[in-house]
Amino acid sequence: ETGVTQSPTHLIKTRGQQVTLRCSSQSGHNTVSWYQQALGQGPQFIFQYYREEENGRGNFPPRFSGLQFPNYSSELNVNALELDDSALYLCASSLEEYGYTFGSGTRLTVV
Amino acid sequence: AQSVAQPEDQVNVAEGNPLTVKCTYSVSGNPYLFWYVQYPNRGLQFLLKYITGDNLVKGSYGFEAEFNKSQTSFHLKKPSALVSDSALYFCAVRVLDRGSTLGRLYFGRGTQLTVWP
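Throughout, residues of each chain are indexed from 1 in the direction in which the sequence is written. Labels are handed out in written order, letters beginning with A for the chains and numbers beginning with 1 for the ligands. Given that the model is predicted, a residue must reach a pLDDT of at least 70 before its local features are reported, and side-chain atom pairs must reach 80 or more before they are shown or counted; all residues, however, enter totals for whole chains, interfaces and linings. Note: side-chain values were computed over all heavy atoms of the structure, leaving out hydrogens and water.

A few points about the overall build of chain A
And then number 1: Secondary structure elements are taken from DSSP: a helix is a run of H or I of four residues or more, a strand is a run of E of two residues or more, and numbering for both begins at the N terminus. Check the secondary structure of chain A and you find zero helices and 11 strands.
And then number 2: Going from the N terminus to the C terminus, chain A shows its helices and strands as β-β-β-β-β-β-β-β-β-β-β.
And then number 3: In terms of overall dimensions, chain A is globule-like: its C-alpha atoms have a radius of gyration of 13 Å, near the 13 Å expected for 111 residues.
And then number 4: In terms of overall dimensions, chain A has a C-alpha envelope of 35 × 25 × 25 Å along the principal axes.
And then number 5: Under the scheme applied here, a residue whose accessible area is under 20% of the maximum for its type counts as buried, over 50% as exposed, and between as partly exposed, the area being computed with a 1.4 Å probe on protein chains only. For chain A, the proportion of its 111 residues judged to be buried stands at 49%.
And then number 6: Within chain A, residue pairs in contact and separated by at least 24 positions form 51% of the contacts whose partners lie at least 6 positions apart. Each radius of gyration reported is based on C-alpha atoms, and the globular scaling rule is 2.2 Å times the count of residues to the power 0.38. By definition, residues are in contact when any of their heavy atoms lie within 4.5 Å.

Considerations on unusual backbone geometry
And then number 1: The omega angle of the peptide bond from serine 7 of chain A to proline 8 of chain A is -10°, so this bond is cis rather than trans.
And then number 2: Backbone geometry places threonine 72 of chain B, a non-glycine residue, at a positive phi of 45°.
And then number 3: Assignment of secondary structure puts threonine 72 of chain B in the loop between strand S8 (64–68) and strand S9 (73–78).
And then number 4: Its relative accessible area of 30% is what places threonine 72 of chain B among the partly exposed residues.

Considering the environment of proline 61 of chain A
Residues and elements named next belong to chain A.
And then number 1: With respect to the element layout, proline 61 can be found in the loop between strand S6 (53–57) and strand S7 (64–68).
And then number 2: The exposure class assigned to proline 61 is partly exposed, which follows from its relative accessible area of 33%.
And then number 3: It is 9.6 Å that separates the C-alpha atoms of proline 61 and valine 78, two residues lying 17 residues apart in sequence.

Section: the state of the cysteines
All names here are of chain A.
And then number 1: Note that a disulfide, as used here, is simply two cysteine sulfur atoms within 2.5 Å. A complete count under the given rule lists two disulfides over all chains for this structure.
And then number 2: Paired through a disulfide, cysteine 23 and cysteine 91 show a sulfur-sulfur distance of 1.8 Å. Linking cysteine 23 and cysteine 91, the disulfide has an S-S dihedral of approximately -65° and is accordingly described as left-handed. Of this pair, cysteine 23 sits in strand S3 (residues 19–24) while cysteine 91 sits in strand S9 (residues 87–94), and the two are 68 residues apart along the sequence.
And then number 3: A relative accessible area of 2% places cysteine 23 in the buried class.

Topic: the packing of aromatic side chains
And then number 1: For Phe, Tyr and Trp, where Trp contributes only its six-membered ring, two rings pair if their centres lie within 6.5 Å, and the inter-plane angle classes them as stacked under 30 degrees, edge-to-face over 60, or tilted in between. Scanning all chains against the criterion turns up 16 aromatic pairs over all chains.
And then number 2: With centroids separated by 5.1 Å and ring planes inclined at 65°, the aromatic side chains of phenylalanine 60 of chain A and phenylalanine 64 of chain A adopt a geometry described as edge-to-face.
And then number 3: With a relative accessible area of 2%, phenylalanine 64 of chain A lands in the buried category.
And then number 4: When the ring of tyrosine 36 of chain B is compared with that of phenylalanine 107 of chain B, the centres are 6.1 Å apart and the planes differ by 50°; the resulting orientation is tilted. Taken together, the residues tyrosine 36 of chain B in strand S5 (residues 32–38) and phenylalanine 107 of chain B in strand S11 (residues 103–107) connect sequence positions 71 residues apart. With respect to class, tyrosine 36 of chain B is no different from phenylalanine 107 of chain B; both count as buried.
And then number 5: An aromatic cluster is built from Tyr35, Phe45, Tyr100 and Phe102 of chain A together with Phe34, Tyr36, Phe46, Phe90 and Phe107 of chain B, whose rings are joined through pairwise contacts.

Some details on the interface of chain B and chain A
And then number 1: Counting from both sides, the interface comprises 22 residues of chain B and, opposite them, 23 residues of chain A.
And then number 2: Throughout, the accessible surface (probe 1.4 Å) given up by two parts as they are put together, summed over both, is called the buried area. Taken over both partners, the interface formed by chain B and chain A buries close to 1900 Å², and the fraction arising from carbon and sulfur atoms is 52%.
And then number 3: Each reported salt bridge corresponds to a side-chain nitrogen of Lys or Arg within 4 Å of a carboxyl oxygen of Asp or Glu. Inspection of the region where chain B meets chain A yields zero salt bridges.
And then number 4: For the purposes of these results, a polar contact is taken to be a pair of N or O atoms within 3.5 Å, where, inside protein, one atom must be able to donate a hydrogen and its partner to accept one; residues adjacent in sequence count only when each atom of the pair is a side-chain atom. Here chain B and chain A share eight residue pairs in polar contact (both at pLDDT 80 or more) between them.
And then number 5: When residues of the side of chain B that touches chain A are traced back to their parent elements, those giving at least two are S5, strand S6 (44–50), strand S10 (87–96) and S11 of chain B.
And then number 6: In this count, Pro and Cys sit with the nonpolar residues alongside Ala, Val, Leu, Ile, Met, Phe, Trp and Tyr, while Asp, Glu, Lys and Arg are called charged and the others, Gly among them, polar. By residue class, the composition of the side of chain B that touches chain A is nine nonpolar, seven polar and six charged.

Shown next, in the form of structure tokens:
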């Protein structure tokens, strides 16, 4: 049984650019959620996907968007990058309502 | 509003001594509570969860946590700390989205645990 895999592990982008982060969920898990962890903070919920549809969104602007694919993998897209978007982005997959498996994260730096 | 508080940014303890990392929560309804650990430049590793039942929950690596409904607390404990336990610890509560059976996690700010040899 594989865990949650995220790619890339590190990324440097310029302000105003767009970025796509990817997540492969744990085998059998049909729900994927994304979290942003700024330096020195706890993770903040961005949004969640269940069966390819967005199901719940946190307090993030529309330039944060996502997709879930039929194999339950997921993408997080961020447009018009800002310096404050620099953070560790975590993906979590789950099957039951309350069991979450996290990936190792993508470290995004916006310069 | 839903929230999780970890009142201590840092906890320092000598190896072999018991450790406690504190967590209190505010949530409507019955809480689902979690503890995660994060090592440098890594994601979150699950330690334990409370859903229902016995208030004392045992988890990975010898950790346990006690759910106290009256004090709305879920403190993480370990009888004998190891140097390798040094890491960042997060308490989280699951909150259901309105009209949904799915939920989201609210995290505390984290507590840095340092165990001295």
